[in-house]
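# An overview of the molecular structure
Next come the chains, spelled out residue by residue.
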Amino acid sequence: MSRRPSSPLPTAWLVVALLVPVALLNYLDRQMLAAMKYSVMSDLPAIGSEANWGKILALFKWTYAVLSPVGGYLADRFSRRWVIALSLLVWSAVTWATGQVTSYEQLLWTRAVMGVSEAFYIPAALALIADFHPGDTRSRAVGLHQLGIYAGVILGGFSGYAADHPELGWRWMFGTCGLVGVLYALPLALWLRDAPCAQAADRPRASPWATLAELGRNGSFWLLVLYFTLPALAGWIVRDWMPAVLKAEFGIGQGQAGVSATLYWMVASIVGAVLGGWLADRWMRWTVRGRIYTSALGMATIVVAMLGVGYAPQTQQLWVAVLFLILFGLGWGFFDCNNMPILSQITRPHLRASGYGIMNMISISGGGWADWWFGILRDRQVPLGAIFGIFAGFAVCSIVLVLLIRPQPGDAVAPAAAAGPPVH
């Protein structure tokens, strides 16, 4: 049976517009290090090995992961607006400080602290968007926010050119991006608003343990956690290692490798997020599983793409790798724009940021291990086809998991339904 679409107020779209630049900076500040790998390792020779580089990438994720549930809980308990603004301010200051490091150990510390500060943003931002978009615009709104993330990754890819430029360099990139974020934090705090129905005074004062207990009894939530985690292993490898892989496998420059590894699949992700958001919102008018089906369709595309990316070096044709990365991006957009909307179908509103924080914790912890293991496997010269084949297998398993999720028919989930077994 079809449902009438909702019509959110212009304020709801203004919230998305204000958060898109924050999402851009969130991913630009973390992504550009991967595109400037050779410049950073040349300037800081103590890094030494691929495994140590993988540890730098992983440490950000581990600290980000550990603090994500804390950031989510605070966003559910207090003002999402202030959690977002303070997170931007702190991580931007740390980004600036990263450009000042002089040793491997200092770089490790700045990446760890950046992980702490950035952990507070995504759960709060996506929950705030879900607050303002309660109906048939939710997937589209989340998809538009994700455009900022994809744009940040694209700009991060171009940072390889800045690192190679004799008058700029990798330190200039970190310093400039940090200052931009600090300057944007003040107007963001002034213009952003919490949703009227989600003010802190109106939220249930659940303790952290009560929050964990309710989420822990929700079988569909844990299926979503696993579904969110397995594809993210491949996603982080593509983001963090693909510039170095393309440079090594195809003999191209650092700038070209960074752009080839990010621009095309991120543009494809933008297209995927727009199409996936539109399709999911339309599909939801006919079945409560519309967003689940849309996300699963994207995941099937990711499986094919991962196998192709692993095979591409055997052709010695860069365009083959780029083609499969574009396919990966299309599938990723379908997947990425529907995670918070699906979470909103299986949890109560005041648990959304906490739930997403837990999802981030487990997913990004796995991504950190994946980065480290990938470096170790590269040191041992394991074929890329075998490595990416493993990640494709994880994606196949995730399709089964998401189809087992039992969403609730309404936007708000009653306590008994959220705490009990999945509803069929």
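Residues numbered from 1 in each chain as written. Predicted model: local features only at pLDDT ≥ 70, side-chain atom pairs only at ≥ 80, totals over all residues. Heavy atoms only, no water.

### Brief notes about the overall build of the protein chain
A tally of regular secondary structure across the protein chain gives 17 helices and zero strands. Taken along the three principal axes of its C-alpha coordinates, the protein chain extends 55 × 45 × 35 Å. Evaluated residue by residue, the protein chain yields a buried proportion of 60% over its 424 residues. Residue pairs in contact within the protein chain that sit at least 24 positions apart in sequence constitute 85% of those at least 6 positions apart. (Helix = DSSP H or I, 4+ residues; strand = E, 2+ residues; numbered from the N terminus. Buried < 20%, exposed > 50% of the residue type's maximum accessible area, 1.4 Å probe, protein only. Contact = heavy atoms within 4.5 Å.)

### What to know about the pattern of salt bridges
One pass over the full model with this rule turns up seven salt bridges. Residue R140 pairs with D281 through a salt bridge whose shortest N-O separation is 2.9 Å. With R140 in helix α7 (residues 138-164) and D281 in helix α11 (residues 254-283), the pair connects residues that are 141 residues apart, well separated along the chain. On the accessibility criterion, D281 (1% relative accessible area) is buried. Between E214 and R348 there is a salt bridge; the shortest N-O distance is 2.7 Å. Pair noted here: E214 is in helix α9 (residues 208-216) and R348 is in the loop between α14 (339-346) and α15 (352-379), with a separation of 134 residues, a long-range link. (Salt bridge = Lys/Arg side-chain N within 4 Å of Asp/Glu carboxyl O.)

### Let's talk about the confidence of the model for the protein chain
Across the protein chain, the average pLDDT comes to 82, with 92% of residues at 70 or higher. Counting contacts from residues 412-424, a segment whose pLDDT is below 50, to residues more than four positions away or on other chains yields 29 contacts. (pLDDT = per-residue confidence, 0-100.)

### Thoughts on the packing of helix α4 (residues 80-98) against helix α5 (residues 104-118)
Axis separation between α4 and α5 bottoms out at 8 Å; the angle between their running directions is 165 degrees. Comparing their axes, α5 and α4 come out roughly antiparallel. Between α4 and α5 the crossing geometry is left-handed. Contacts between α4 and α5 pair S87, V90, W91, V94, T95, A97 and T98 from the former with L107, T110, V113, M114, S117 and E118 from the latter. (Axes fitted to C-alpha atoms, helices over the stretch in contact; angles between N-to-C directions. Parallel < 35°, antiparallel > 145°, perpendicular 65-115°, else oblique. Left-handed = near helix turned anticlockwise from the far one by under 90°.)

### Describing the side chain of N26
Checked against the element boundaries, N26 lands in helix α1 (residues 10-35). On the basis of relative accessibility, which here comes to 0%, the residue N26 falls in the buried class. Excluding its chain neighbours within four sequence positions, the residues that come into contact with N26 are W91, E118, Y121 and I122.

### Remarks on α5
Here α5 spans 21 Å end to end across 15 residues, near enough to the 21 Å set by a 1.5 Å rise per residue. Of all the positions in α5, only Y104, L107, L108, T110, R111, A112, M114, G115, S117 and E118 are classed as buried. (Expected span 1.5 Å × (residues − 1).)

### Some words on a nonpolar patch on the surface
A cluster of nonpolar side chains, namely W82, L86, L89, V90 and V182, defines an oily patch on the protein surface of about 420 Å² accessible area. Within the secondary structure, L89 is located in helix α4. (Patch = residues over 30% accessible without salt bridge, like charges linked within 9 Å, V, L, I, M, F, W, Y side chains within 5 Å. Areas by Shrake-Rupley, 256 points an atom, 1.4 Å probe, with all protein chains shown as cover.)

### Overview of the environment of P313
Mapping P313 onto the fold places it in the loop between α12 (290-311) and α13 (318-336). On the basis of relative accessible area, P313 is assigned to the buried category, the value being 12%. As for P313 and E249, which are separated by 64 residues in sequence, their C-alpha atoms are 6.2 Å apart. Excluding residues that lie within four positions of it along the chain, P313 makes contacts with E249, F250 and L384.

### Description of unusual backbone geometry
Positive phi, close to 55 degrees, is recorded for Q316, a residue that is not glycine. Tracing the chain through its elements places Q316 in the loop between α12 and α13.

### Focus: the environment of S117
Residue position: S117 is located in helix α5. On the basis of relative accessibility, which here comes to 6%, the residue S117 falls in the buried class. A sequence separation of 31 residues divides S117 from L86, and the C-alpha atoms of the two residues are 8.6 Å apart.

### Regarding helix α6 (residues 121-132)
Across its 12 residues, α6 extends 17 Å between first and last C-alpha, which sits within 8% of the 16 Å expected from 1.5 Å per residue. Of all 12 residues in α6, 12 are buried, a share of seventy percent or more. Listed in full, the buried residues belonging to α6 are Y121, I122, P123, A124, A125, L126, A127, L128, I129, A130, D131 and F132.

### A closer look at the environment of M36
In this fold, M36 is placed in the loop between α1 and α2 (37-43). Owing to a relative accessible area of 0%, M36 belongs among the buried residues under this scheme. Note: C-alpha distance between M36 and A163 (127 residues apart in sequence) is 6.0 Å.

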